[in-house]
Each structure stands twice: as structure tokens, then as C-alpha cells.
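# What the coordinates show
The primary structure of each chain is shown beneath.
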Amino acid sequence: MALAVALPCAAPLAAQEAQSSAQKPLVVVELFTSQGCSSCPPADAMMAELATREGVLPLSLHVDYWDYIGWRDHFAKPEFTKRQKAYAHAAGKRTIYTPQLIVQGADHLVGAKPMRLADLIMRHHDQTTAPVTLSVTQTGNRLMITAMPMGALPPNMRLQIVRFDPHERVSITRGENAGREVDYTNIVTEWRPLVDWNGQQPLAVAFDLDGPESAAVVLQAASPNGPGPILAAVRTDAPNGQIASQ
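Right, let's walk through the structure included here.

Criteria and thresholds
- Every residue gets a number counted from 1 within its own chain, in the order that chain's sequence is written.
- Local features in this predicted model are restricted to residues whose pLDDT is 70 or higher, and side-chain atom pairs enter the listing and the counts only when it is 80 or higher, whereas totals over whole chains, interfaces and linings include all residues.
- Remark: hydrogens and water are excluded; side-chain values derive from all non-hydrogen atoms of the structure.
- Numbering of helices and strands runs from the N terminus; a helix is a DSSP stretch of H or I covering at least four residues, while a strand is a stretch of E covering at least two.
- Buried, partly exposed and exposed residues are distinguished by accessible area as a fraction of the type maximum, computed with a 1.4 Å probe on protein chains only: under 20%, between the cut-offs, and over 50%, respectively.
- Note on areas: these come from Shrake-Rupley sampling with a 1.4 Å probe, and a residue is covered only by the protein chains present in the view.
- For salt bridges, the criterion is a side-chain nitrogen of Lys or Arg within 4 Å of an Asp or Glu carboxyl oxygen.
- What counts as a ring pair is set by centres within 6.5 Å for rings of Phe, Tyr and Trp (its six-membered ring), and what kind of pair is set by the plane angle: stacked under 30 degrees, edge-to-face over 60, tilted for all other angles.
- Counted as over-ring charges are cases with an Arg CZ or a Lys NZ within 6 Å of the ring centre that also lie within 35 degrees of the ring normal.
- Think of a nonpolar core as a cluster: buried Ala, Val, Leu, Ile, Met, Phe, Trp, Tyr and Cys residues, connected wherever their side-chain atoms sit within 4.5 Å.
- Only heavy atoms enter the contact rule, under which two residues are in contact if any of them lie within 4.5 Å.
- Only when DSSP finds a minimum of two bridges between them are two strands counted as paired.
- In this analysis, the expected span of each helix is defined as 1.5 Å times one less than the number of residues it contains.
- Each direction from the helix axis to a C-beta atom contributes to the arc, which is the arc of those directions.

Helices and strands together make up the secondary structure of the chain, namely 4 helices and 13 strands. Looking at the chain as a whole, 49% of its 246 residues are labelled buried. As presented, the chain carries roughly 11300 Å² of accessible surface, and 52% of it is formed by carbon and sulfur atoms.

Inspection of the entire model under this criterion finds 7 salt bridges. Among the salt bridges present, the one from E30 reaches R83, with a minimum N-O distance of 2.9 Å. Taken together, the positions of E30 in strand β2 (residues 27-33) and R83 in helix α3 (residues 78-90) put the pair 53 residues apart, joining distant regions of the chain. Looking at E30, the relative accessible area reads 0%, which means it is buried. Here D107 and R123 are joined by a salt bridge, their closest N and O atoms 2.5 Å apart. With a gap of 16 residues between them, D107 in strand β5 (residues 107-110) and R123 in helix α4 (residues 114-125) connect regions that are remote in the sequence. On the basis of relative accessible area, D107 is assigned to the buried category, the value being 15%.

It is worth spelling out unusual backbone geometry at this point. Glycine aside, residues mostly have negative phi, and peptide bonds are mostly found in the trans state. Backbone torsion omega between T98 and P99 reads -10°, so that peptide bond is classified as cis. Mapped onto the fold, P99 is located in the loop between α3 and β4 (100-103). Phi angles above zero are rare outside glycine, and Q104 is one such case at about 55°. Secondary-structure assignment places Q104 in the loop between β4 and β5. Relative accessible area serves as the criterion here: at 6%, Q104 is assigned to the buried category. Although it is not a glycine, N186 sits at a positive phi angle of roughly 50°. Of note, N186 is situated in strand β9 (residues 181-197).

So, about the packing of aromatic side chains. Enumeration over the complete set of coordinates arrives at 2 aromatic pairs. A cation over an aromatic ring shows up here: R83 above the ring of W191, its NZ or CZ 3.9 Å from the ring centre.

On to the nonpolar core. Membership of the largest hydrophobic core comes to 23 residues, with the highest contact counts inside it found for L134, I145 and L159. Look past the residues within four positions of I145 in its chain and what remains in contact with it is L134, S135, V136, L159, L194, L203, A204, V205, F207 and V217. L61, V188, W191 and A216 belong to the second largest nonpolar core, which has 18 residues in total.

The next subject is the pairing of β5. When a strand is regular, its side chains alternate between the sheet's two faces. Residues of β5 alternate between two faces, with D107 and L109 buried on one and H108 and V110 left unburied on the opposite face. Strand direction decides the pairing type here: β4 and β5, joined by 4 bridges, are antiparallel. Within β5, the residue paired with L101 across the bridge is L109.

Its 13 residues place the ends of α3 18 Å apart at the C-alpha level, agreeing with the 18 Å of an ideal helix rising 1.5 Å per residue. Listed as buried for α3 are F80, T81, R83, Q84, Y87 and A88. Taken around the axis of α3, the buried residues stretch over an arc of 160°, which confines them to a single face. Projecting away from the buried face of α3 at angles above 90 degrees are the exposed residues P78, K82 and H89.

Over its 12 residues, α4 extends 16 Å from the first C-alpha to the last, a length consistent with the 16 Å expected when each residue adds 1.5 Å. Taken together, the buried positions of α4 are L117, L120, I121, H124 and H125. Seen end-on, α4 carries its buried residues on one side only, within an arc spanning 140°. Packing partners of the buried residues in α4 comprise β2, α2 (41-50), β3 (56-62), β4 and β5.

Within the secondary structure, P149 is located in strand β7 (residues 142-149). Residues P149 and G199, 50 residues apart in the sequence, show an inter-C-alpha distance of 6.1 Å. Every residue in contact with P149, bar those within four places of it in the chain, is listed here: P131, V132, W197, G199, Q201 and P202.

Shown next, in the form of C-alpha cells:
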């Protein structure tokens, strides 16, 4: 993958059009999970159901701290464990769990609790005013990403690209889930920062994707304490043309 351009720009027509055409915010649900955790399969199943809903982007981040139990999760990456720890640090928490869900970078939920999760998603959907418009135009593998400030924004934000595998089925032969066959949905393979932004001017970024995996663009508040609320997100694995979200 290559980041071709990252620069402030005058208010682009694409961003102006996105403001009028954007639908309700896309709510990002991050699940920190592991193939070695016996409590995780119900939460993994919740992610499969969420993936069928409009307006929700479920993302499964597999952590590596269960690998010692006897089964190595080959989706796990230490950077996902680091991201979960950063969320805990930002929230003033000393402990991390699996399964744990983070809704829109802001609300923490431990365990598979579908009713509570539905309430949190609905609350974020019901937010009527977004402080930023994020839009993506995709031509082949090239993404043109624009962010337009529409209100008060955090002083520091990070634009990120997320790559994910929509579905895998795994037969687990050892560890706490030995003998189970588990389906995993939107398995994150990479969560990569593109550029930091202070929101004082419109932003335009050109980025080249490689490989067949699905992808999303996420704009998130950032601080020395860790990741903050997600301000906007856009899926890019759609037919060529403009994709927009507020």
C-alpha cells in the first residue's frame, strides 16, 4: 500500500456533495477476541449478525495473549493487543478482557451482551449532528479521501486505513475451544495510520490499496493517552464511485 498524497486543500466539490448525500453515521464496533478464549464464540457470532446490518461496521481484532493456553490464534497480532491496552489506558482501566467490544471508540462492553450492544449502537446512530464529513472516491485501487470540518473537532485526529477479511471458518483442535468450529467475521489484518490532522482546514489524501481484502477508512480522535472517539468511518469495498459518511 502507498500513501500518495496527504495535504490540506480548498473545500472540494466532492466533500460538499458528500454533506448532502451522506446517511446516518457508520457505527464502528471493535471486538477484541481470541480463538483460545472459551467465552468468545458467542461474541464472534454477534459480529456475524452485525455484518448483515446497514450502518454498522463490525471489526474483529484478534489478540495474542491467549496463545499460551495451547492454541495459537493465527489471526492474532501484537499490535491489536497494544490497541486494546491503549483503549484501557485512555479510559483509566487497568485490566483488559476477551471478549471486549468498543463501540465508536467510546463505549466499552465486556462479554456478549446483545441487548446492551444494540442500545449503544442505536445511541450513536441517533446522533444528529456530525462535526466532520468524511468521503471516499474509489477508482480501481486508488482512494481519494477527503475530510471536511463541519463543527467543533478535537485538536488531534488520526486518519487510518483498516484492512479486513470478511469471513473465515476455523476448526480448533487444542486449547479452551478444542473441538469447536468457529466462524469469524471481518477479521482485521491491518490497522494502519495514514496521517494526523488538526481539523483546521479540509484534508485530502490519495492512497493506493493493494490486495483483494476489504477496507475501511476511519477518522478517530487521538491523544497521548490513547485512541478516542471515532468521528467518522467509510467502507471502501463498494462499487467504484463516491462513498460518503458523516
